[in-house]
Every structure is written in C-alpha cells, then in structure tokens.
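Each chain, written out:
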Amino acid sequence: MPKPLIVVTGKNGQLGWELLQLSGRFAGAFDFLFAGREDMDMSEPETIPVFFENIKPDYVINCAAYTAVDKAETDQETAYTVNATAAGMIAKECHRYGCVYLGISTDYVFDGKGTAPYTIGTTCDPVNYYGYTKYMGEQLALEHCEQSVIIRTSWVYSSHGHNFVKTMLRLMKERPEIKVVHDQLGSPTYAADLAEVLMQVIESMQHGRAHYGIYHYSNAGAISWYDFALAIKAAAGMHCEVLPIPTAAYPTPAKRPAYSVLDTSAIQADYGIVLKDWKQQLHQCLSQLAG
C-alpha cells in the first residue's frame, strides 16, 4: 500500500525548509514532495490545477506566501494573487482530489487593539494589506475545501532565510547600538516547532482524529520586539547597546498591530500540542546557527 503523499509548497521559505529538515524523521510513514515556483507559480494560479492533475497528494501544506509586509502596501495585486487567490485555488484542488489543505496564516489578521490573547473566534480586522490578503486566503480556503486546517502564527523565525533573529544578529555585529520598538507585543515562533506541529496534526488525522477550521499556534510567552532583541543579544553574547523606541519613532509603510498575542488553547485541546517556551526555542535556533 502506497504511503500518503504530503506536498509542501514554498520549499525555499523558512517553514518549507524546516519541514524539509524534519521530513527524514517521517520517511517511514509518508512520502514528501517539496514544491517551488518551478512546480507551481503562486503568482500564476492557473498553473495549480495542472500540478494537481499530475501529482495527486493526500495532504498539502501551503507554506508559499508573499511576506514582504511593507511592499504589499504598493504591490497589492501580487500580494493578493499569492496569499489569497492561489491559496483558494490550492484548496479548491484539494477538495477536487479529496485531500487535506493545511494553510499558514498570521497574527496580522487582527487590529492590534486587544489586551488579552486573541481567540480563534475573535473578529478579524487587519491593519495592513498583507494581513488583509492572508485573511482572504483563509476565507477562500475554508470556502473551497471543508477539509482545511488554517494555523495562524506569529513572529516566525528560523536559522534559514530572512527574519528578525538573523537581522538582529547581523546589526549587532555591525553597529555599536540599535533601536528596537518596545510597544508592539506578540509571541515569537520558531519555525522548526511550527513544522513539528503541522506533522503532529497530519499524524493525528492519519489515526482518524481530524479537526478542521482555524487554529492559533506560537511558542509560549508574550514579549515586545525590544524584549526579543535583548534576549537575542544575551543568548548570542553580543555587546551592542539595544535601545527601546516607540512605534511612532520608526514609521513603516505598513502599520503593525500593537498587540497580537494568540490564544493557542484550541490547538492544544484538539491536537494535544504542547507549547515550548519562546526563550528556550530561541537558544535552540541560535545553536543551529552556530553549527
């Protein structure tokens, strides 16, 4: 009997790369296909049905995304095509071939005015265009494929790709001091942990325990970007001075939510996910970077 096939899109991104590192551990139970732009181009959604016609997967983990938050404010057409139209098209094909769609969304679907962790039932009101495209991607996926799991996550970083941790390490080497905003609160998420959660969800489904819909996942703990930078400095043994500044002192084309902590209780309850502490996982990532 053939093993279930998991297709992972966005193979060159942080999460796709972490899933590739993890795939060997699950090689006995699943086959994997890691797809890039050459396989199906999310900016050209018409390529998606052709891919599915040739490759009939059992699960699709859609890690492909337009993640340039500031650029999305002006490059709206591309951002919408990749994050919304293509996500909906993949979900539609999943429905056609009877496979499960797993999509990744973001804390940026919320307005940032909250003071307690956002539950999966909290009304969405994105403060930037990127957040809007991800919200629409959620809606289209759920509309087209009832076997969909959408995981909203936050502040994703990895030893691979471009992210806050690697940027801070570079700047701390180059400069005697840096300034980091102190009034945006959220929860860091190590992409390797998110990859493990996705595989835990799929394993659960293989054992007949499937729950569909929207979930939230991040590492445990709520901090500011400034707190995060201080922790990176301490863990990496840097000597650069880190200064706190308000968001108003660091204007960006896209507005960021001031508060985007996610309530992860639903995924813990339905899929038995155990959260890992953000600081512990930061050390894990830095040890990976150190080789």
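Please read all numbers here as calculations on a predicted model, not as lab measurements.

A. Structural view of the side chain of His-216. Residue placement: His-216 occurs in strand E10 (residues 213-216). With a relative accessible area of 0%, His-216 lands in the buried category. At 3.1 Å, the side chain of His-216 and the side chain of Arg-152 are in polar contact. Only 3.3 Å separates the side chain of His-216 from the backbone oxygen of Asp-263, close enough to count as a polar contact.

B. Spotlight on the pattern of salt bridges. In the structure shown here, the tally under the stated rule is 9 salt bridges. Residue Asp-193 pairs with Lys-276 through a salt bridge whose shortest N-O separation is 3.6 Å. Of the two residues, Asp-193 sits in helix H6 (residues 191-206) while Lys-276 sits in the loop between helix H8 (265-271) and helix H9 (278-290), which places them 83 residues apart along the sequence. Assessed through its relative accessible area of 4%, Asp-193 is described here as buried. What makes Lys-276 partly exposed here is its relative accessible area of 30%. A salt bridge links Lys-276 to Glu-196; the shortest N-O distance between them is 3.9 Å. Taken together, the residues span a long stretch of sequence, with Lys-276 in the loop between H8 and H9 and Glu-196 in helix H6 at a distance of 80 residues. Take Glu-196: its relative accessible area is 28%, and that puts it in the partly exposed class. By sharing partners, the salt bridges in this structure join Arg-25, Asp-193, Glu-196 and Lys-276 into a single network.

What counts, and at which threshold
Residues numbered from 1 in each chain as written. Predicted model: local features only at pLDDT ≥ 70, side-chain atom pairs only at ≥ 80, totals over all residues. Heavy atoms only, no water. Helix = DSSP H or I, 4+ residues; strand = E, 2+ residues; numbered from the N terminus. Buried < 20%, exposed > 50% of the residue type's maximum accessible area, 1.4 Å probe, protein only. Polar contact = N/O pair within 3.5 Å; in protein donor to acceptor, adjacent residues only side chain to side chain. Salt bridge = Lys/Arg side-chain N within 4 Å of Asp/Glu carboxyl O.

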